[in-house]
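Report on the structure
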Amino acid sequence: MESASAFISASASIDAKIKELGDWRGKTLAKVRAIVHAADPEIVEEWKWAKAKSPGTPVWSHGGIVCTGETYKSVVKMTFARGAALKDPSRLFNSSLEGNVRRAIDIHEGEKINEAALKDLIRAAVALNLQGGPKAHPKFRKKREI
């Protein structure tokens, strides 16, 4: 379990990122964040992968990473850690479709977010994390003994 200070600093880092962007990307990241929390009130905010050349990335977790919220010049990208294992009947995934594990949603300026479908996808990702068992990617599966 994360400490309260880690939670506060991750949330504060996400707040700072939204404020720093100050444009449609900040508003979109704030909206995505609100949708994530509405879909699962138990979600935990984290700030991961901070390095010298990268300030870090917002991450939402429950039983493992659910998704990230990356911002680029022309897109806000939600990457689902185990997206390839999720059903996507509303076809929200529109990026990173070739991978065996992750799937992403690129949100461009002015695009409307299908909130109901996104909440369903988030809930499905949490449910998959909470099921436990082998990870979606073969390298994480235990090898059978012969």
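Keep in mind that this is a model prediction, so the values were computed, not measured.

Take the nonpolar core next. For soluble globular proteins, the rule of thumb is that nonpolar side chains tend to be buried together. Judged by nonpolar contacts, the single largest core of 27 residues is most densely connected at M78, F80, I105 and L118. If one sorts the elements of this core by residue count, helix α3 (residues 115–131) sits on top with seven residues. Beyond its immediate sequence surroundings of up to four residues, F80 is in contact with V66, C67, L86, F93, V101, R102, R103, I105, L118, L121, I122 and A125.

Time to look at the pairing of strand β2 (residues 57–61). Along β2, five of the five residues are buried, which leaves the element largely enclosed by surrounding structure. Side chains T57, V59 and S61 project from β2 onto one buried face, and the interleaved P58 and W60 project onto a second face that is buried too. With five bridges joining them, strand β1 (residues 44–48) and β2 adopt antiparallel strand pairing. Bridge assignment links E46 to a residue of β2, and that residue is V59. Inspection of the sheet shows β2 paired to strand β3 (residues 65–71) by three bridges, in the antiparallel sense. The partner of W60 across the bridge, within β3, is C67. Between the end of β2 and the start of β3, which pair antiparallel, lie three residues, with G63 showing a positive phi angle near 75 degrees.

Procedures and definitions
- Residues numbered from 1 in each chain as written.
- Predicted model: local features only at pLDDT ≥ 70, side-chain atom pairs only at ≥ 80, totals over all residues.
- Heavy atoms only, no water.
- Core = buried A, V, L, I, M, F, W, Y, C linked by side-chain atoms within 4.5 Å.
- Buried < 20%, exposed > 50% of the residue type's maximum accessible area, 1.4 Å probe, protein only.
- Helix = DSSP H or I, 4+ residues; strand = E, 2+ residues; numbered from the N terminus.
- Contact = heavy atoms within 4.5 Å.
- Pairing = 2+ DSSP bridges.

In short, shape yes, function no, at least from these values alone.
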